[in-house]
Amino acid sequence: MTANARKKRNVAALKHAVRSYPGFLWWGLGQATNGGLGFYVWMIVLTAIALVGANAWAHQVARGMIVTNMTDHVSWGLYIANFTFGVGLAAGGVMMVIPAYLYDDEDMHKVVIIGEAVAIAAIVMCTLSVLVDLGRPDRFWHLMPVIGRVNWPVSMLTWDVIVLNGYLVINLHIVGYLLYMRYLGRKPNPKWYVPFVFLSIIWAISIHTVTAFLYCGLGGRPFWNTALLAPRFLASAFVSGPAFIILVMRILRITTGFAAPPKPARTLIQIIRVAMTINLVMLASELFTLFYTGGAHGESAKYLFFGSHGHYGLVPWIWTAIACNLIGTGLFFMPDALERSNTRIAACILCIVGIWIEKGMGLIIPGFIPSTLHEIVEYTPSLTEWKVTAGIWAFGFLLLTVLLKLITTVFAAEAHKTEIA
Amino acid sequence: MTTDNSFPQEPHDGEHLKPLLPILDQPSTRRTLLKTAGAALGLAAFGEALSPLMVIPENVSVDEFLQQHYKELTDEDKKKVFARLEAETKERFGADVTITDSKPIPGVRFAYAINVSKCNGNGKCMEACNKENNHHRGVDQSYIRVLEMTKGSMDMENGSTTYDHTVPQDDKFYLPVQCQQCDNPPCVSACPIEATWKEDDGIVVVDYNWCIGCRYCEAACPYHARRFNWELPEIPPEEVNPNQGYLSNRIRPQGAMEKCHFCLHRTREGRAPACQEACPTGARVFGDLNDPDSAINYVLKNKRVFVLKEELGTKPSFFYFFD
């Protein structure tokens, strides 16, 4: 199809005979599954990985959680580690929403929808990560209000279910409404989305705070039982989220030619500089308390950073994370990071990897080591756990690709329309 | 997936239809076909990938799937549920068992105390627990862990649960730990679906058929008292304890949590818990806190008593004392 033909098509698309939202979604699905060879290879590879993950999970359900390497000592592992990171990714998108809506940053306004798309995909990944961690997924309905028996407001886990699902619905509404209006060529009515945008700002903070409360509310786990956990979660989320979005914008520029203005990425870099510094200061403060005071409270940290009683399972992980975070932060502070440079990309990747470890394997696992009776049982994820996790990530990317494809199609069509007009 | 590539058109918008048709024509039909085929293939592959899930309808009957929370079951419901569970136990484990539902005795509040001076770490309590409670035989599961502690320290850091030598050792003392039946149980607060709760006689129980297996309670418990059924337990038919309680020692389903329940199917019928009965040293004292003449009250009034991790505010009903 020639560029001209595509242009005409896009304009025609905006001529919108389909005046229903489901019709728009159906059209969008069609658009989002169109692409070149590279696109199809990407989608097929992701689908294949997702299928491997689905199969591994099905085996896990059939044979029991024994196929994971979790034990009664380390009863949460890779799944919950990924869940925690994913919540941060979802919450991080709010760092585009705040400049766009609270500070009326025009350029940020143009790309804020990318952050919301990332949030949607991340939340779906989080939900899947929790689902695969359940020993009895067939009893999932016990968690539903009315038909189940929800221990609300006492159990922090019920809060988490509520805030995560709420955040998903809010973002689906905002993204769906704004895209549909653009598609119809109508001006979005602020009444229908601005209140939800402001709600989503508070909500984004809440999802990560509640997720931190899940851990720091447990008195029996000294490594988690710290008031700094929620602020640390937020600070690191405001690094990993924006860093991921910067990468997404770069990939979009290369693959679809969707050119975001340069300013939003710069704003995000400034946010990352501040957030990462705060994150590192809090980490240092945490480590000081743990190591200077010593005693039983510092035992998990000792195991994590230096090994304990001949067990060193997490030592390589955490030092990789520390190295990634420090180098990444250093790169973010280089003037080059403000330009569209490789420095910027390297900094983003390093910080994402660093935070994924620090907040995942580096936070969840040491909470269980030593155990509450001070036994040391180590944990490394099993092949099944890696497969399922890879499957969830692949599905998340699949979903994100479809969402971005839809967004860029609608945006491109609108751009052409203005061009022709 | 037949129309997904055609963009929307207004039915009466003839002038738009015309120039667009050539574009729509060939490539889109081929692409649509390919996409339809791709979607069909993807769905088939997805179905195949998930096919191991087909064991769920085999293992989980419709009645089990729809079963309500213990507290919502009527006596009639319970009769049906227990009969179903008994039949399933016969089918899967080859044992004839009776499942009962002992209720808390009004006015009774159970508590446990361990005489640390007497306990010599022989581990008979763990063995008895394993047999009484139909634990998985393959992994020597038990609700009790006995810590071998170094004299001169109450720090569990210096303890070991994996000791394998003759007991007692001269420089050691022994500290058995099981569910402390807290009055302020962190596990009950953690559970998102009320699958675990504290009964009127102080025992914290689990509805094994309601638990979704998220293991948040296991993370919340400061005493390592909770266990997860990582797989279906294996027990030879002749070793299955046929006297089973719904909230206590019946064979637990795969994927659900379990914990010490003070042998409520025995203690609520006036018998001693299995671990106490098995203890050869007389270190274990069990009884009713509300009975002023009970042995447990004698211990609390006359001995130097302590609880584990008192600073956490869990208020255990489980005490330790020295002679």
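Placed above this text is the structure.
Residues numbered from 1 in each chain as written. Chains lettered and ligands numbered in written order. Predicted model: local features only at pLDDT ≥ 70, side-chain atom pairs only at ≥ 80, totals over all residues.

### Brief notes about the overall build of chain B
Logical step 1: When you go through chain B residue by residue, the secondary structure sums to 10 helices and 12 strands.
Logical step 2: Seen along its three principal axes, the alpha-carbon backbone of chain B occupies a region of about 100 × 45 × 35 Å.
Logical step 3: Counting all 323 residues of chain B, 41% fall into the buried class.
Logical step 4: Considering only contacts within chain B whose residues lie at least 6 apart along the sequence, 65% involve residues at least 24 apart. (Helix = DSSP H or I, 4+ residues; strand = E, 2+ residues; numbered from the N terminus. Buried ≥ 20, exposed ≤ 12 C-beta atoms within 10 Å, placed from the backbone. Contact = placed C-beta atoms within 7 Å.)

### Some remarks on helix α10 (residues 262-293) of chain A
Think of an α-helix as 3.6 residues a turn; residues three or four steps apart then line up on the same face.
Residues and elements named next belong to chain A.
Logical step 1: With 32 residues, α10 should reach 46 Å at 1.5 Å per residue; the first-to-last C-alpha distance of 47 Å fits that figure.
Logical step 2: By the burial criterion, the buried members of α10 are P264, A265, T267, L268, I269, I271, I272, A275, M276, N279 and L290.
Logical step 3: Looking at the buried positions of α10, the neighbouring elements they touch are α5 (94-102), α6 (106-133), α9 (229-256), α11 (299-306), α12 (315-332) and α13 (342-359). (Expected span 1.5 Å × (residues − 1).)

### Quick notes on the interface of chain B and chain A
Logical step 1: With 63 residues of chain B in contact, the opposing surface of chain A contributes 59 residues.
Logical step 2: Counting residues per element, the ones that place at least two in the side of chain B that touches chain A are α1 (14-49), α2 (55-59), β3 (145-150), α6 (186-190), α7 (216-220) and β7 (226-228) of chain B.
Logical step 3: When residues in the side of chain B that touches chain A are grouped by element, the largest group, nine residues, is from α1 of chain B.

### Some thoughts on unusual backbone geometry
Residue and element names in this part refer to chain A.
Logical step 1: In this model, W152 is joined to P153 through a cis peptide bond whose omega is 10 degrees.
Logical step 2: With respect to the element layout, P153 can be found in the loop between α6 and α7 (156-184).
Logical step 3: Note that the residue after I369, namely P370, is joined by a cis bond; omega there is -5 degrees.
Logical step 4: Note that P370 resides in the loop between α14 (361-364) and α15 (383-420).
Logical step 5: The backbone of H374 shows a phi angle near 65 degrees, a positive value even though the residue is not glycine.

### Let's talk about the sheet that holds strand β2 (residues 110-115) of chain B
Residue and element names in this part refer to chain B.
Logical step 1: Read from one edge to the other, the open sheet built from four strands follows the order β10-β2-β12-β11, with strand pairing classed as mixed. In this open sheet, the two strands that pair with only one neighbour each are β10 (284-288) and β11 (304-306). The average undirected angle you get between the axes of adjacent strands in this sheet is 30 degrees.
Logical step 2: As paired elements, β11 and strand β12 (residues 318-322) share three bridges and run antiparallel to each other. Across the sheet, residue V305 finds its bridge partner in β12, namely F321. (Pairing = 2+ DSSP bridges. Axes fitted to C-alpha atoms, helices over the stretch in contact; angles between N-to-C directions.)

On their own, these measurements won't tell you what the molecule is for.
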